Amino acid sequence: GQRSIGVATIGVDGKSYSTRVTPIEVRQGSDSGAAGAAQSNNYRDTEQSLEERASRQLAEDDLMLRLSVSRSTVYKGEPVRATLKLYSRVNVVGSEGAKIPSFDGFWSQQLEAEQGPFRETFNGKVYEVYNIAEYLLYPQQDGTLVIEPAELTVIAQIMVQSNRGYDPFFGGGHEVYNVRRKLSTGKVNVTVKSLPTGAPASFSGAVG
């Protein structure tokens, strides 16, 4: 309803000063608890939206896991060098859930390799490349040997634009989210040929 603020009087240096009567209108307000809950829900919705935007912003080829072999056709016992590499065009802050192939049909030896990162161009794009592991593989049987996929879950930091925290003088308005992406190399086939006949009696099976 209608209310008013009465007259206030003050004396300064022997003089008296008074305010005027100030009328005010008091209206019924909204329920503060409901308003707070709505604001909290809006915040959660915004947070979820930003996380989804961060995930969509990470392109399929921004992160790749590749297993390369030095040759795909060899003789039985001839060594094959296999290198597992992570290709990245975003900031990587961690990894988890690594799964290395068992290399069935090969005798394998893990090698020491410099991890990087190195710069490499693949499909016309420049990547930071990390060596995850490197192996020397010796095929023990003829035919097509299948190297099962390697897997790795990578955690990337993605920055998205946000209206929260924006200041017209100092800028801002960006938030950083950790996005998990599970990567796989796919299967790699290696064709193993039989050794030529007529080997000398001194041949022990070593192939160079």
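Model, not experiment: these values are computed from the prediction.

Reading the values: rules and limits
- Residues numbered from 1 in each chain as written.
- Predicted model: local features only at pLDDT ≥ 70, side-chain atom pairs only at ≥ 80, totals over all residues.
- Heavy atoms only, no water.
- Helix = DSSP H or I, 4+ residues; strand = E, 2+ residues; numbered from the N terminus.
- Buried < 20%, exposed > 50% of the residue type's maximum accessible area, 1.4 Å probe, protein only.
- Contact = heavy atoms within 4.5 Å.
- Areas by Shrake-Rupley, 256 points an atom, 1.4 Å probe, with all protein chains shown as cover.
- Pairing = 2+ DSSP bridges.
- pLDDT = per-residue confidence, 0-100.
- Axes fitted to C-alpha atoms, helices over the stretch in contact; angles between N-to-C directions.

**Student:** If you had to explain the overall build of the chain to someone new, which residues and values would you point to?
**Tutor:** Summing up its helical and strand segments, the chain has one helix and 15 strands in all. Burial status across the chain gives 26% buried among its 208 residues. Here the contacts in the chain between residues at least 6 apart in sequence split such that 69% fall between residues at least 24 apart. As presented, the chain carries roughly 14100 Å² of accessible surface, and 47% of it is formed by carbon and sulfur atoms.

**Student:** A description of the pairing of strand E7 (residues 80–88) should follow, citing residues and the corresponding values.
**Tutor:** Burial runs high along E7: eight of the nine residues are buried. Here strand E5 (residues 63–69) runs beside E7; their pairing, made up of seven bridges, is antiparallel. When the bridges of E7 are listed, Leu67 appears paired with Leu84. Sheet topology places E7 next to strand E11 (residues 125–139); nine bridges connect them, and they run antiparallel. Counterpart to Tyr87 in the pairing with E11 is Val129.

**Student:** Explain the confidence of the model for the chain to me, and be specific about the residues and the numbers.
**Tutor:** For the chain, mean pLDDT is 81; residues scoring 70 or higher make up 71% of the total. Looking over the chain, one finds the lowest element-wise mean pLDDT in helix H1 (residues 32–57), namely 61, and the highest in E7, namely 97. Here residues 34–45 is a poorly scored stretch, pLDDT under 50, and it has one contact once near neighbours within four places are set aside; other chains count.

**Student:** Run through the sheet that holds strand E15 (residues 188–193), naming residues and quoting values.
**Tutor:** Read across the sheet, three strands follow the order E6-E15-E12 without closing on themselves; strand pairing throughout is mixed. The sheet terminates laterally at strand E6 (73–75) and strand E12 (143–147), the two strands that pair on one side only. Neighbour-to-neighbour, the strand axes of the sheet open up by a mean angle of 30°, direction not taken into account. Examined bridge by bridge, E12 and E15 share five bridges and lie antiparallel to one another.

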